[in-house]
Amino acid sequence: MTAILSDAVALTGALERAQAGDHDAFAELVNEHEAMVFSLAFHFFGDRTQAEEVAQETFLQLYRSLRSIESPSHLLFWLRQVATRRCIDQVRRTKLRAVPLESVEELYSHEPGADPLRDRKLRELVASLPEAQRIVVTLRYQEDLDPTEICRIVDMPVNTVKSHLHRALQALRRKFQGDPKS
């Protein structure tokens, strides 16, 4: 409990210093959150280059919007929301629907006895989902957010988030089992 409290105090201090113009403090914030932002984008696209681009755009926007951030928890919410919107914008710009996932294995650690071929197939199936379903699945299972948190990030009603999640899981089950209707 003490370690969590001291981390929160340190992040609050780094945020305040960054807002005052301290570039080293901003670098601390980036270092603290870059893995989460990159991971969110990578799991959405399955492509390292696009994930890096989204992460860079997200932190550039953070730098420009730093004064509007109220607290470390607001910063975390804000970063997830901006990264998610950047992913969706990127898809809309490129009209990307399904992405080959050549370089994914190195970011996934497998438990002994895990099936890497099954994992790869599942990642490919998630990448083939429509963008709204893909981002909801990514936020739910990769970021471990509940539907209430997801609805705030993607700016949808909670029932719409639940509906996208339900449809995505149904589609993934059908596709994974080789159903020809999917």
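See the structure shown above.
Calculation criteria
- Residues numbered from 1 in each chain as written.
- Predicted model: local features only at pLDDT ≥ 70, side-chain atom pairs only at ≥ 80, totals over all residues.
- Heavy atoms only, no water.
- Core = buried A, V, L, I, M, F, W, Y, C linked by side-chain atoms within 4.5 Å.
- Buried < 20%, exposed > 50% of the residue type's maximum accessible area, 1.4 Å probe, protein only.
- Helix = DSSP H or I, 4+ residues; strand = E, 2+ residues; numbered from the N terminus.
- Contact = heavy atoms within 4.5 Å.
- Arc of directions from axis to C-beta.
- Polar contact = N/O pair within 3.5 Å; in protein donor to acceptor, adjacent residues only side chain to side chain.
- Salt bridge = Lys/Arg side-chain N within 4 Å of Asp/Glu carboxyl O.
- Expected span 1.5 Å × (residues − 1).

For this particular structure, what's the right way to read the nonpolar core?
Among soluble globular proteins, nonpolar side chains are generally buried collectively. With 49 residues, the main nonpolar core has Leu62, Leu79, Leu139 and Val154 as its most contacted residues. Only helix H1 (2-19), helix H2 (23-45), helix H3 (48-65), helix H4 (72-94), helix H5 (116-127), helix H6 (131-142), helix H7 (147-154) and helix H8 (158-176) provide two or more residues apiece to this core. Excluding residues within four positions of it along the chain, Leu139 makes contact with Leu40, Thr84, Asp144, Leu145, Ile150, Ile153 and Val154.

Which parts of the structure should I look at to understand H7?
Two residues of an α-helix separated by three or four positions point the same way, owing to the 3.6 residues in each turn. Regarding H7, the residues found buried are Pro147, Ile150, Cys151, Ile153 and Val154. Down the axis, H7 shows its buried residues gathered within 165° of arc, on one side only. Residues of H7 that are buried sit in contact with H4, H6 and H8. Of the residues that open H7, the one with a side-chain oxygen 3.0 Å from the backbone nitrogen of Thr148 is Asp146. At the exit of H7 stands Asp155, carrying a positive phi of roughly 60°.

Is there a simple way to think about the pattern of salt bridges in this case?
A side chain with one charge can pair with a side chain of the opposite charge if their charged atoms come near. By the definition in use, this model includes five salt bridges. Here Arg17 ties to Glu28 by a salt bridge, and the two come within 2.6 Å at their closest N and O atoms. Here Glu28 lies in helix H2 and Arg17 lies in helix H1, a separation of 11 residues in the sequence. Note that Glu57 and Arg86 form a salt bridge whose closest N and O atoms lie 3.7 Å from each other. Residue Glu57 is located in helix H3, and its partner Arg86 is located in helix H4; the two are separated by 29 residues in the primary sequence.

What's the story with the side chain of Arg134 in this structure? I'm lost.
Relative to the elements of secondary structure, Arg134 occurs in helix H6. From its side chain, Arg134 meets the backbone oxygen of Phe44 in a polar contact 3.2 Å long.

What should I look at first to understand H6 in this one?
Here H6 spans 15 Å end to end across 12 residues, near enough to the 16 Å set by a 1.5 Å rise per residue. By the burial criterion, the buried members of H6 are Glu131, Gln133, Arg134, Ile135, Val136, Val137, Thr138 and Leu139. Of the surrounding elements, those touching the buried residues of H6 are H2, H4, H5, H7 and H8.

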